[in-house]
Each structure stands twice: as structure tokens, then as C-alpha cells.
Amino acid sequence: MAKNLLIVESPAKAKTIEGYLGKDFLVKSSYGHIRDLVKTDDAIDTDDNFKQKYEVPSDKKSVVSELKKLAKEAEMVWLASDEDREGEAISWHLYETLALKDDKTKRIVFHEITKPAILSAIEKPRKIDFNLVNAQQARRVLDRLVGFELSPVLWKKVKPSLSAGRVQSVAVRLIVEREREINRFEADASYKIVAQFTTGIGREQFKAELPQRFEDKADAAQFLNDCIRASFKVSSLEKKPAKRSPSAPFTTSTLQQEASRKLGFSVARTMQVAQRLYEAGRITYMRTDSVNLSDTAIQAAEQEIVHAYGEKYHKLRRYKTKAAGAQEAHEAIRPTYFSEHSIEGDNAERRLYELIWKRAIASQMSEAEFEKTTAKIDVSTRTEDLVATGEVMKFDGFLKVYMESNDDDAENSTDEREGDNALLPPLDGGQMLTLKTMSATERFSRPPARYTEASLVKKLEELGIGRPSTYAPTISTIQNRGYVLKEDRDGRERHYTVLTISEEQVLEQIKTETTGAERSKMFPTDIGVLVNDFLVEHFNDIIDYHFTAKVEKEFDEIAQGDKDWTAMLKDFYGPFHDGIQDTLENADRASHERELGVDPSTGKPVTVRVGRFGPLVQIGSADDDEKPRFASLRKGQMIETITFEDAMDLFKLPKKVGEFEEKEMTVAIGRFGPYIRHASAFYSLPKGMDPMEVSQDEAIQIIKDKRQKDIEKVIRVFEENPEAQIENGRWGPFIRLGKQNVKIPKGTDVDKISYEDVLKWADADPKGKAAAAKKAGTKTATKKTTAKKGGAKKATTTSKTKK
DNA sequence: CAGTGAGCGAGCTTCCGCTTGACTT
């Protein structure tokens, strides 16, 4: 039996550490927290110094009983949970729950998983730091009080099952307020002058711009006009060296941002893949707010850089965390072995690993060096100068492995910043230039960008709200509650004017561009807006961006032993609870009902509001003799912004457009856009076609086209069963077997598939069978899971919606 | 990919932060 039991939080960590320590140590994991507040309302006694009731949740019972047994047998128990507030509390909960003895327990900490770090930690054991534990309790209790008093107010004043909390409500607020900024935004137009020059006949062209813009078209036209007969001369030439430095290695938040931009991963996906890499021993811990690398890591990186790229590419760097409230219990995210430039694994794992490797290696590399050339070009007929810039890389440095991307890159890439890296031909001061082309293009200022999941995480981190372990779950929560949606939206067309010089004349053209198109952006829903406005009105101090920063400061004081945690909570809870009572008693039910106007055909009021099933438009009122008419709002429409015309349009569909094969055709708009319904089939309208304007002939053509395409998709029909056929799908060939779709195993020769193969594969795919059963309408028995929450309730609601 | 939108009323919902599986889909 091992003399020593050492407990850490993560099982993967336990395995690594066990390798560093000898036979005398048994290393086990607590799997995070082992106790939590009971889920009922009596978890905290606010009348008795916020005394808490804890319990071991059912999924932790087996861990706890095993640790208890091992602790009893060991001569010494080493509590090695993380060195931060939560980690200290885990140690304390372990101490209490496992009924450890003071003289048989030691608390140790390390913030990197290396052999020397752990051996030196064992040399310097300490006691549990109760100030830190108290700070954690204050945090835990405050979050419970806020969440469990605020949420019921919403149940009563808005809608059941809603939630509010210190973190999620601010996340929603950020999105709601950003949406309003975008709605309020009015674009300013101005004209940007761009010219192409050469140094002589047959020479390469280069670009120059006018630094200032013209607000009026007439001024821009005048400039072009003045340039028709002007001469152009290089009036000054300046060469300046420039440097660019690498970024710090990844934290959770920067990894999520970069994986979102470069790999298109959601934050949840990034964390799932990173977890697999961590468990495979490929990377260090992925939930961290630290940019710090251990000394051993810094040395290993140096060795690899010198070996792979040479001495001059290496530069030792140490990074400082600037995120508010960082606790730095771990290292930055880095590869465990820098010598592994890439790894085996699935596509996502390989790509994420490569990103982490490059970023960590680059962080220990030298600057990239450039020479930046700026040439001013004198226009003989004007006082303004045109400017041409060029950049030449002199030394690639860290750019050899890694180039960080930027949030703006995804936006209108044709717009700005083009030409920044362009090369200029050799120029001399005073040199005359030949103008090839010149244009003045109308450009518009841009509204603030909508948040992506990753940019929202970035913002939350800047505000010190949430922790690396909660960013991804928070993003999921606000979507699951229906407060926000991650969506694509089509843009709208916009005209802009381009003036060019053509045959010694200024020529004006009107061009069209798409603006405002969004991919995977966070949009608030009407419920999100309603809840947010309610909370802002009644609990502004809790929903304030700086509330977390304020209480964090107090938690720090508690951790330092400078403040009593119950006193802090008392100061907070008194006014907060009064506000809850007052709101419950006096506040009106939240509503955003808005009257848009009067229906011209009936003279009845047209209103929008949030109904039982979401936002809707209503014509007439409930206490009318005649029943009101209802219509749901569509994707992209919100109560706050919908116009009277758009609202009335909702009542024009579905619309009959005629007959085909003796069956009616109806045009409507569904979840996936406008469609024609004919018999029991659906046919999507081609993009850009106005559903209001579809004629009978057009509709028939769409149906015929779709049928033709369906026929073309079929590769082969099986003689044994005409219901079985091989088709070309979006992701390659697959087999359709009646209602079931059957996957073709990788590496199969499609021409050689027999009907027996089809039956065999279909049988081996329980997932496909279940889907087919669902399609056929046969109810799959709803399994009663042993878990108490959610499951059963959800099952009843889904069976209800399924006719 | 449709139609729903009221009310009857008991019992339920909910927080944040630390960790992974064991489950379906």
C-alpha cells in the first residue's frame, strides 16, 4: 500500500505526475469540485451569516468514497489542487469530506507539471489558506444568491424557466446593446481617391492614394478633373525600418478566438478538440488564463527553434498576463513536446495542434523586420499630395511559422488595407510619373461589428467576467435559453458611385455591392431584449459591466485577509434583496408590445408583441367580437425594428399560385426560406426570387427542375428493391433505402456494392434506423433515464409538438 | 417547412466554477 496519497483535480494530470514520483506515491484525481451547495432554496441561511449547506452530488459519490478509502490507508495525504481560489476550496472540501486529520494532511501547489516543479512543491508544503477558501465561498454564495433570486423574478414577470446571473446576463446585455448600436448607426459616405502610376512606358504599375477623402461628389470630381492635365512628380521619398513582434502563447480565450478565425471552430468545438489533445498528452492544460511558459518549456522551444531554423530565429521572451482577474494557476497552452511539429489524429485535432504549436514556437522567435517606403507624389494642379507606400520584408523572423489573423480580415476584404504590403518599384526623388488610371470611389463608414462567439469571449475576458472553464458553457447557456441566436443573415444591396478618368473625361458609374451580410454572428432575440431591458431597469447595478470587477476586488481583499467575507455579503445582500422584493411587488409585467398602425382594410390596430410561442404580429384585439389574426415574425425581424409594411406582408403568405397535376401549389416561407408546397413535397425557391411574385408557370418550372435534378442524382437503382438506390449527395455518394439513409463505408468501390452489402450496412447503423423510424412517424419509445432532471420533461414537450 | 396565441393550477424551472465520462442522437 502506498505511503502517500496525492490528489489533483484532473485525471490526465494525475497520470503524468504519477510518472514523476516514485512508488511511494499514489496519485489520484478529484475530478474538479467534489461538493456543491444543495440545489434547494435553503442552501444558504441569509439570517445566519450565510451558512451554507453542502452535499456531494450523485455523480461524485463514487470518487469521494474511493478517495476516502485510500486516504484512510495512506500515511500522508497531499492536497495538490490548483493554486487559485477554486483550487484552495477544493482542497478544503476534500479535507472536510474525506475527514482528513490535520497531522496527516499537507497542502502543496505548483503551476506547471514538470518534475522539478513537483519535487520542489513537495519540499515546501503548507496549510490550507482559509482566506482564499473564504473568498471562494463568498464568490459561490454571491453567485447563488444572484442567480436564484433573480431568475424567479423573471419567471413571474416575463416567462417561466428563464434565467439570470452575474455572467450570462452581462453577456446578453453586450449583444443587445451592440445590436442597438448597429440599428442606430448611419453610414457616412465619402470618396476615396486611388491612382495607378508607372515610372515609364512598359513599366510595372503601382498604387497611390490620397490620404484625405472628399465628402462631396463634386469635390471628388473636381480633383479628378484637375488631374487630367496635371503632371506628377515624386516630391519626397522616405524609407523607415519597421518591426513586428510575435504574440504571447495561447490562453483559453485567445485559442478560442484564433481557432474561430482560422479554423472556423465554435468555442465549444475548440474546447472539445483541445480536451482530446490534452488527454492524449499532446498539449498542456487547455483551461488557463496564463501566458506564462515554464523554464523547461522555454528551453525546449529554444532548442527546437535553433535546430529547425537556426540561431538567429530565436529570442527568449517572457509574457505578462494583462487580463483582469487572471489567477494563473496553469501554464499557457503549449505543446508538451516542441519537437513534434505535427501529430497523428483526426483533421480537427491535427489542425488545432498545429495552431497551438506554431503560436507557442513563434512566441519564442525573433521579430520580423521590414523596410517601409513612403513616397509623396506632387500633383501640379493641386495642393494635396498622393501617397504610395510599400513594404519589403528584410527578415521573416517569427513569421516563418505563424501569422496571427485579425477580426477585421473577415470583413470587406476588398475595402481598406489593400496595398499595405505592396511592393514599390525603385523610385528617385523628383522623378516624373505617368498616370495610368485614377478613380474616386464612394465608401461608407462601417457600423460596429456584431459579436461572434469568440469575440464575445474576448470582451467578457477584458471585463474580467467568467473564467476559462466557463466561457464555452456560458455561450451555450445564453443560446439555449433563447436569449441570443448564432445566425447567418443575408446582406442587402447598396449602390455606390465610382468616378474614373476615361479619355480625358470624368466618367460616372453606379455600381452595386452587398453590405451587412453576416456569417455565424450573435443576434439577440426578442426574449433576450425583453429580459435584458427588464433587468437593466430594475437591477442595473448587478447587470453593470463593472459589477464583477467590483466584487472581484472585494474577493481579493478577503483572500488577503483584509476583509470579512460575511460582512461583504451582508453589504451586498441587504440592498439586493430589497430590490428583489420591491420588483416582485411593484414592477409591471415585462412587455414590449408596440402598435405599428392601423390595418387599412379593417380599421383595426396592428400590434407586435412576444406571445406564448415567440414574437408575433396581431391584427385586432382579443376583446373584439371578431377573432384577431396572428402571424409569427420571421428570421431577422424583431419587435423593436419591424416596419408596418413588413408586418402586413406576413399576412400575405401562404399564397395559392395555381394548380399542377390537379394539385394546388402554395408559396410560403418556412424555416429554410421561401418554398412551394405541392402535394406533400416541398420545393425551395431559387435565391433572389420574390415569393410574392411567383406565377403558376414559374412554380411548375421549379417543380420540374427539382424532379429532373433528383433523377440526375441517382447513380444506380437496385434490381432487388426499387426503394434502394445509390445517390450523389452533398458529401458524396450514399444509399437511400426507403426512408433510411445508409452510409457507404470508406474505401468502398461504389460500382461493386451489392444489395446484400446495403442490407448489412443498414442493419449495422442503429442511428440511421432510428432516424428512419422517426421519419415514418412511428414513435420511438421515450426512454426514462435514471437522471431526474430535464430528461422526462423534455420528452413530453417534444412528443406534444410532434402532431 | 404548420399552427399556435385563453385559462384552469400543481409542480417545476434557476446561478458559477471545477472536472470528465456515460449516455443518446
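Residues numbered from 1 in each chain as written. Chains lettered and ligands numbered in written order. Predicted model: local features only at pLDDT ≥ 70, side-chain atom pairs only at ≥ 80, totals over all residues. Heavy atoms only, no water.

Novice: Tell me about the nonpolar core, and name the residues and values.
Specialist: The biggest cluster of nonpolar side chains holds 125 residues, and the ones touching the most others in it are Leu150, Leu154, Ile283, Leu352, Leu456, Ile542 and Phe576. Counting residues per element, this core draws most heavily on helix H5 (residues 130–157), which supplies 11 residues. With sequence-adjacent residues up to four places away left out, Ile283 is seen in contact with Ala274, Leu277, Tyr278, Ile333, Arg334, Pro335, Thr336, Tyr353 and Ile356. Ile193, Ala195, Phe206 and Ala230 belong to the second-largest nonpolar core, a separate cluster that totals 26 residues. (Core = buried A, V, L, I, M, F, W, Y, C linked by side-chain atoms within 4.5 Å. Buried < 20%, exposed > 50% of the residue type's maximum accessible area, 1.4 Å probe, protein only. Helix = DSSP H or I, 4+ residues; strand = E, 2+ residues; numbered from the N terminus. Contact = heavy atoms within 4.5 Å.)

Novice: So, the side chain of Lys13: which residues are in play, and what are the values?
Specialist: Along the chain, Lys13 falls in helix H1 (residues 11–20). In this view, Lys13 contacts Val8, Asp82, Ile113, Tyr278 and His330; residues no more than four positions away in its chain are not counted.

Novice: Describe the protein's contact with DNA strand B, and please don't skip the residues or the numbers.
Specialist: As a structural note, the neighbourhood of DNA strand B is formed by 49 residues, with Ser10, His33, Ser161, Tyr285 and Tyr675 the closest of them. Of all DNA strand B atoms lying within 4 Å of any protein atom, the proportion belonging to sugar or phosphate reaches 56%. Contact between DNA strand B and His33: a base oxygen at 2.6 Å from a main-chain N or O atom of the residue. The contact in question runs from a phosphate oxygen of DNA strand B to an N or O atom on the side chain of Gln275, over 3.3 Å. When contributions to the surface near DNA strand B are tallied by element, the ones reaching two or more residues are H5, helix H9 (267–279), strand E21 (614–619), strand E22 (629–632) and strand E25 (673–678). Grouping the constituent residues of the surface near DNA strand B by class yields 17 nonpolar, 17 polar and 15 charged. (Near = heavy atom within 4 Å. Polar contact = N/O pair within 3.5 Å; in protein donor to acceptor, adjacent residues only side chain to side chain. Nonpolar A, V, L, I, M, F, W, Y, C, P; charged D, E, K, R; others polar.)

Novice: Just give me the short version of the confidence of the model for chain A, but keep the residues and values in it.
Specialist: With 93% of its residues at a pLDDT of at least 70, chain A reaches an overall mean of 90. Note on residues 777–803: pLDDT is under 50 here. Beyond four places in sequence and across chains, it has 4 contacts. (pLDDT = per-residue confidence, 0-100.)

Novice: Run through the UniProt feature "active site" (unreviewed entry) in chain A, naming residues and quoting values.
Specialist: Look at the UniProt record and you will see "active site" (unreviewed entry) annotated at Tyr285. Structurally, Tyr285 is set in the loop between H9 and helix H10 (295–309). Of the polar contacts made by the side chain of Tyr285, one reaches the side chain of Arg287; its length is 3.0 Å. (UniProt positions renumbered as here; feature names shortened; annotations may be inferred.)

Novice: Outline a negative patch on the surface, listing residues and values.
Specialist: A surface patch of like charges, here negative, comprises Glu186, Asp188, Glu215, Asp216 and Asp219. Within the element layout of this structure, Asp188 appears in the loop between helix H6 (168–184) and strand E9 (189–198). (Patch = residues over 30% accessible without salt bridge, like charges linked within 9 Å, V, L, I, M, F, W, Y side chains within 5 Å. Areas by Shrake-Rupley, 256 points an atom, 1.4 Å probe, with all protein chains shown as cover. Salt bridge = Lys/Arg side-chain N within 4 Å of Asp/Glu carboxyl O. Lys, Arg positive; Asp, Glu negative; His and termini not counted. Charge placed at Lys NZ, Arg CZ, Asp CG, Glu CD.)

Novice: An account of the sheet that holds strand E7 (residues 76–79) is needed here, citing residue identities and associated values.
Specialist: Ordered in space as E2-E1-E7-E8, the 4 strands form an open sheet in which the pairing is parallel. Two strands bound the open sheet, and with one partner strand each, they are strand E2 (25–29) and strand E8 (105–107). Strand-to-strand twist of the sheet, defined as the mean angle between neighbouring strand axes without regard to direction, takes the value 20 degrees. Relative to E7, strand E1 (residues 4–8) runs parallel, the two sharing 4 bridges. Note on E7: the bridge partner recorded for Leu5 is Val77. (Pairing = 2+ DSSP bridges. Axes fitted to C-alpha atoms, helices over the stretch in contact; angles between N-to-C directions.)

Novice: Outline H10, supporting the account with residue identities and numerical values.
Specialist: Under the 1.5 Å per step criterion, the end-to-end length of H10 is 21 Å for 15 residues, consistent within 8% with the ideal 21 Å. By the burial criterion, the buried members of H10 are Ala297, Ile298, Ala301, Glu304 and Ile305. Looking straight down H10, one finds that the buried residues subtend no more than 130 degrees of arc, so they occupy a single side. The outward face of H10, more than 90 degrees from its buried face, is lined by the exposed residues Gln299, Gln303 and His307. (Expected span 1.5 Å × (residues − 1). Arc of directions from axis to C-beta.)

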